Amino acid sequence: MQVILLGAPGAGKGTQAVQISKRLGLAHIASGDLFRQEQASGSELGKIAKSYMEKGQLVPDEVTVKMILGRISRPDCAKGILLDGFPRTLDQAKALDAALAKEGKGIDLVLYIKVPNEELIGRLSGRWICRECQVPYNVVAAPPKVAGKCDKCGGELYQRADDTEETVRKRLDVYFAQTAPLIEYYTSAGKLAEVDGEQGIEQVGRDLIKIIEARDK
Ligand SMILES: [Zn+2]
């Protein structure tokens, strides 16, 4: 099973990816981790990726795709993979499909954790952090006992510039602009399945696993 997991920032994709891959014995391939591992190992692809990142440029899709193919050929991927964080754009999806097809492989399933924009904004812009001990709070989902104060140390809570509503809206706009064509692409390929991401974390996890298991038969 070669599975892609899609979800906007705040949709809980990372948490679900860790749990599902553990439960089903799939190798969890997070693109950010893969970059770091390749660079740490000093591989040729790692060096190429690093040269782009040092110049502040995006790593070309073909380099990332090669890294993923190399990763997929390792023994822990025998039962399947769960891709997290790649592809993000339609071009990347097409490059990945073309490369997999050359090896007689292909993506079996694309899972999309769907959460409405307003809910995501609420989740992401609710994040406040303690100035003293850095503990994060969410004023909606996990508020401190006393508004504006840390439960643990009484320190003042503040909001990072990244977490303000305006920044969050912009980040989500970029995400959805990139992802909409991706969703369309996998839908027309008959590979997309949506899960309601407004449910509790555990229910979302159960739904995702159910879909993967049904497709695996
Ligand atoms: Zn604190």
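Computed from a prediction, not measured in an experiment: that's the story for all the values here.

1. Description of the overall build of the protein chain
Looking only at helices and strands, one finds eight helices and eight strands in the protein chain. Whereas a compact globule of 217 residues would reach a radius of gyration of roughly 17 Å, the protein chain reaches 19 Å, a difference of no more than 12%. Seen through its principal axes, the protein chain has C-alpha atoms that stretch 60 × 40 × 30 Å. Looking at the 217 residues of the protein chain, the share that counts as buried comes to 41%. A fraction of 70% describes how many contacts in the protein chain between residues 6 or more apart in sequence connect residues 24 or more apart. By element, 52% of the accessible surface of the protein chain is carried by carbon and sulfur atoms, the whole surface being about 11800 Å².

2. Quick word on the packing of aromatic side chains
In this description, a pair of aromatic rings is defined by centroid distance and the angle of the planes. By the definition in use, this model includes two aromatic pairs. When the centroid spacing of 5.4 Å and the interplanar angle of 80 degrees are considered together, the rings of Y175 and F176 count as edge-to-face. In this arrangement the basic side chain of K55 is found over the ring face of Y52, its NZ or CZ atom lying 5.5 Å from the centre. When the ring centre of Y158 is taken as origin, the NZ or CZ atom of R131, which lies over that ring, is 4.5 Å away.

3. Here's the deal with the packing of helix α5 (residues 90–102) against helix α7 (residues 165–188)
Look at α5 against α7: their axes get within 8 Å of each other, and the N-to-C directions meet at 35 degrees. Touching L90, A93, K94 and D97 of α5 are P181, L182, Y185 and Y186, all from α7.

4. Some thoughts on the sheet that holds strand β5 (residues 127–130)
If you walk across this open sheet you meet the three strands as β6-β5-β7, and the pairing is antiparallel. Across the chains shown, the open sheet's two edge strands, defined by having one partner strand only, are β6 (136–138) and β7 (157–158). As paired strands, β5 and β7 are joined by two bridges and run antiparallel to one another. The residue bridging I129 from the neighbouring strand is Y158, located in β7.

5. Some words on helix α8 (residues 201–216)
End to end, α8 covers 23 Å across 16 residues, agreeing with the expected 22 Å (1.5 Å per residue, within 8%). In this fold, the buried residues of α8 make contact with β1 (2–7), α1 (13–24), β4 (109–114) and β8 (192–196).

6. What to know about the sheet that holds strand β2 (residues 27–30)
Across the sheet, five strands lie side by side as β2-β3-β1-β4-β8; this open sheet has parallel pairing. Edge strands, defined here as strands with exactly one partner in the open sheet, are β2 and β8. Across the sheet, the mean angle separating the axes of adjacent strands is 25 degrees when strand polarity is ignored. Pairing of β1 with strand β3 (residues 81–84), which is carried by four bridges, proceeds in the parallel orientation. Pairing of L5 across the sheet is with D84, part of β3. Across the face of the sheet, α1 comes into contact with β1, β2, β3 and β4 while running at roughly 170 degrees to β3.

7. Brief notes about the coordination of the zinc ion
Looking at the zinc ion, one finds its protein donor set to be C130 (SG), C133 (SG), C150 (SG) and C153 (SG), positioned 2.3 Å from the metal centre. The site at the zinc ion holds four donor atoms, and with the angles between them running 100 to 118 degrees, its shape is tetrahedral. If you list the donors of the zinc ion from N- to C-terminus, the spacing comes out as C-x2-C-x16-C-x2-C. Taken together, the residues span a long stretch of sequence, with C133 in the loop between β5 and β6 and C153 in the loop between β6 and β7 at a distance of 20 residues.

8. Topic: the environment of L208
Within the fold, L208 resides in helix α8. We classify L208 as buried; its relative accessible area is 0%. Residues L208 and D76, 132 residues apart in the sequence, show an inter-C-alpha distance of 21 Å. Among all residues touching L208, those that are not within four sequence positions of it are L5, Q16, I20, L111, I113 and V195.

9. Here we look at the environment of K13
By the element assignment, K13 lies in helix α1. Overall, the relative accessible area of 18% leaves K13 in the buried class. For the pair K13 and L96, spaced 83 residues apart in sequence, the C-alpha to C-alpha distance is 20 Å. Aside from chain neighbours lying at most four places away, what touches K13 is L5, L6, G7, D84, G85 and I113. Within polar-contact distance, the side chain of K13 engages the side chain of D84 at 2.4 Å.

10. Focus: the side chain of T64
Looking at the secondary structure, you find T64 in helix α4 (residues 61–72). In this structure T64 comes out as buried when scored by relative accessible area, which is 5%. With sequence-adjacent residues up to four places away left out, T64 is seen in contact with F35, V59 and F86.

Conventions and cut-offs
Residues numbered from 1 in each chain as written. Predicted model: local features only at pLDDT ≥ 70, side-chain atom pairs only at ≥ 80, totals over all residues. Heavy atoms only, no water. Helix = DSSP H or I, 4+ residues; strand = E, 2+ residues; numbered from the N terminus. Rg over C-alpha atoms; globule rule 2.2 N^0.38 Å. Buried < 20%, exposed > 50% of the residue type's maximum accessible area, 1.4 Å probe, protein only. Contact = heavy atoms within 4.5 Å. Areas by Shrake-Rupley, 256 points an atom, 1.4 Å probe, with all protein chains shown as cover. Phe/Tyr/Trp six-rings, centres within 6.5 Å; stacked < 30°, edge-to-face > 60°. Lys NZ or Arg CZ within 6 Å of the ring centre and 35° of its normal. Axes fitted to C-alpha atoms, helices over the stretch in contact; angles between N-to-C directions. Pairing = 2+ DSSP bridges. Expected span 1.5 Å × (residues − 1). Donors = N, O, S within 2.8 Å, 3.2 Å for Na, K, Ca; no water. Tetrahedral: all angles 85-135°; square planar, octahedral: opposite > 155°, others 65-115°. Polar contact = N/O pair within 3.5 Å; in protein donor to acceptor, adjacent residues only side chain to side chain.

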